[in-house]
Amino acid sequence: MNPAAEQLSLLTPDEPAHQAATDAVRLLLFNAQHASAERSRRQAEWIAGQEHADIAVLTEVSSTQGGDALVTALTERGYATVIAPQPSTPDYRTVIACRTSAVRTIPSPVTVTPHRAPAARITVGGHDIGVLGLYVPSRGPKDQRNVAKRAFQEAVTESLPRLIAAFPEMPVIVAGDLNVIERGHHPPHKVFGEWEYAFYDSFQAAGLTDAYRRLHPDEVAHSWFGLTGNGFRFDHLFVSTPHADQVLACCYHQEAREAGLTDHAVMTLRLGLPPAPAEQSEAPTTGAS
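Since the model is a prediction, treat every value here as computed from it, not as a measurement.

**Observations concerning the overall build of the protein chain**
Tallying secondary structure elements over the protein chain gives 8 helices and 14 strands in all. For the protein chain, the residues scored as buried account for 52% of the 289 residues in total. Restricting to contacts in the protein chain with at least 6 residues of sequence separation, those with at least 24 account for 69%.

Listed below in structure tokens is the structure:
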């Protein structure tokens, strides 16, 4: 374990800017863009100030000082649980931060670079939900073009049915920067191959629904912009299909990108939950006392 992670238990967290909701899952997806330690602290401050960040999934987190600073800063700002897998060799990773301590880390179902795919079982309002964070590798250097990306995507596709089975009858959320776009994307980008579109399709085949498309079937939205200004919808949120009707809101937000905190739009999800099981079981009493 790295020294920064060892110290997390010694920190006294600040009072959180927002209290975690109990009637809905409020999740925020944020690309950290391998930030420096100083920018990581600013990112943590911004994230902690967002109402919809009870659960924050952070992609492209470095495995060096910048990433450690982000983990520490989130803990200091009221995140009771921060899941931050450390790769054995330098690589980007995905982090899951929760305002609640009612979290159980689950071994990643993804067998290739699992530090890019942490999983957790989180209790919200008396209900358990499953969360998987993903950061798909980019296309890579010319001599290794698409090798790491394809291997990771294939491992994710193979893992999705196991993920759904691991959380029977409970909502499952998959959130991440997938570095792929959907079929029919506007504008079209010829650089993507059929295998990349098939990866996006594999989520639906496994029983997951694109939460943004559920609410905005025809809207053009982009989460990353190239040097020429062309937009790409790289960042995605999926919800287990039996719970798709519970998606109350799913949006892209450009403010953090425009402020220079990241080069991606931020995504938010609000997934409604029924009353807590204890509340459901309470029935009014009748008759004489």
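**Structural notes on the sheet that holds strand β8 (residues 172-177)**
The mixed open sheet is built from 6 strands, whose spatial order is β5-β6-β7-β8-β12-β9. Among the strands making up the open sheet, the edge pair consists of β5 (103-106) and β9 (208-210). In this sheet, adjacent strand axes meet at a mean angle of 25 degrees when their direction is disregarded. Sheet analysis places β5 next to strand β6 (residues 119-124), joined by 4 bridges and oriented antiparallel. The residue of β6 that forms the bridge with arginine 104 is arginine 121. Contacting β7 (127-135), β8 and β9, helix α4 (residues 147-166) crosses the sheet at an angle of about 175 degrees to β7.

**Structural notes on unusual backbone geometry**
That bond from histidine 186 to proline 187 is cis: its omega, 0 degrees, falls within 30 degrees of zero. Assignment of secondary structure puts proline 187 in the loop between β8 and α5 (194-205). The phi angle at glutamine 33 is positive, at roughly 55 degrees, despite the residue not being glycine. Turning to its location among the elements, glutamine 33 is positioned in the loop between β1 (24-31) and α2 (37-48). With phi around 40 degrees, threonine 113 is a residue other than glycine that occupies positive phi space. Classification of threonine 113 by relative accessible area gives partly exposed; the value is 28%.

**What to know about the pattern of salt bridges**
Counted under the stated rule, the structure contains 17 salt bridges. When salt bridges that share partners are traced, they join Arg26, Glu51, Asp54 and Arg99 into one network.

**Let's talk about the sheet that holds strand β3 (residues 81-83)**
Across the sheet, which stays open at both edges, the 6 strands sit in the order β3-β4-β2-β1-β14-β13 with mixed pairing between neighbours. Of all the strands in the sheet, just β3 and β13 (247-253) have a single pairing partner and so form its edges. Taking each pair of neighbouring strands and ignoring which way they run, the sheet shows an average axis angle of 15 degrees. Both β1 and strand β2 (residues 55-61) contribute to a ladder of 5 bridges, which runs parallel. Among the inter-strand pairings, phenylalanine 30 is bridged to a residue of β2, identified as leucine 58. In the packing of α2 onto the sheet, the strands contacted are β1, β2 and β14 (266-272), and the crossing angle to β1 comes to about 155 degrees.

**Digging into the nonpolar core**
Formed by 29 residues in total, the largest nonpolar core has its most connected members in Leu27, Ile122, Ile173, Leu237 and Leu269. Residues within four places of isoleucine 173 in sequence aside, it is in contact with Val25, Leu27, Ile129, Gly130, Val131, Leu132, Leu237, Phe238, Val239, Leu269 and Leu271. Residues Ala117, Leu160, Leu163 and Val180 belong to the second largest nonpolar core, which totals 24 residues.

**Considering the packing of aromatic side chains**
Under the defined criterion, the tally for this structure stands at 11 aromatic pairs. On the basis of an interplanar angle of 10 degrees and a centroid distance of 4.3 Å, the ring pair of phenylalanine 203 and phenylalanine 238 is categorised as stacked. On the criterion of sequence distance, the pair formed by phenylalanine 203 in helix α5 and phenylalanine 238 in strand β12 (residues 235-240) is long-range, its members being 35 residues apart. Considered together, phenylalanine 203 and phenylalanine 238 belong to a single accessibility category, that of buried residues.

What counts, and where the lines are drawn
Residues numbered from 1 in each chain as written. Predicted model: local features only at pLDDT ≥ 70, side-chain atom pairs only at ≥ 80, totals over all residues. Heavy atoms only, no water. Helix = DSSP H or I, 4+ residues; strand = E, 2+ residues; numbered from the N terminus. Buried < 20%, exposed > 50% of the residue type's maximum accessible area, 1.4 Å probe, protein only. Contact = heavy atoms within 4.5 Å. Pairing = 2+ DSSP bridges. Axes fitted to C-alpha atoms, helices over the stretch in contact; angles between N-to-C directions. Salt bridge = Lys/Arg side-chain N within 4 Å of Asp/Glu carboxyl O. Core = buried A, V, L, I, M, F, W, Y, C linked by side-chain atoms within 4.5 Å. Phe/Tyr/Trp six-rings, centres within 6.5 Å; stacked < 30°, edge-to-face > 60°.

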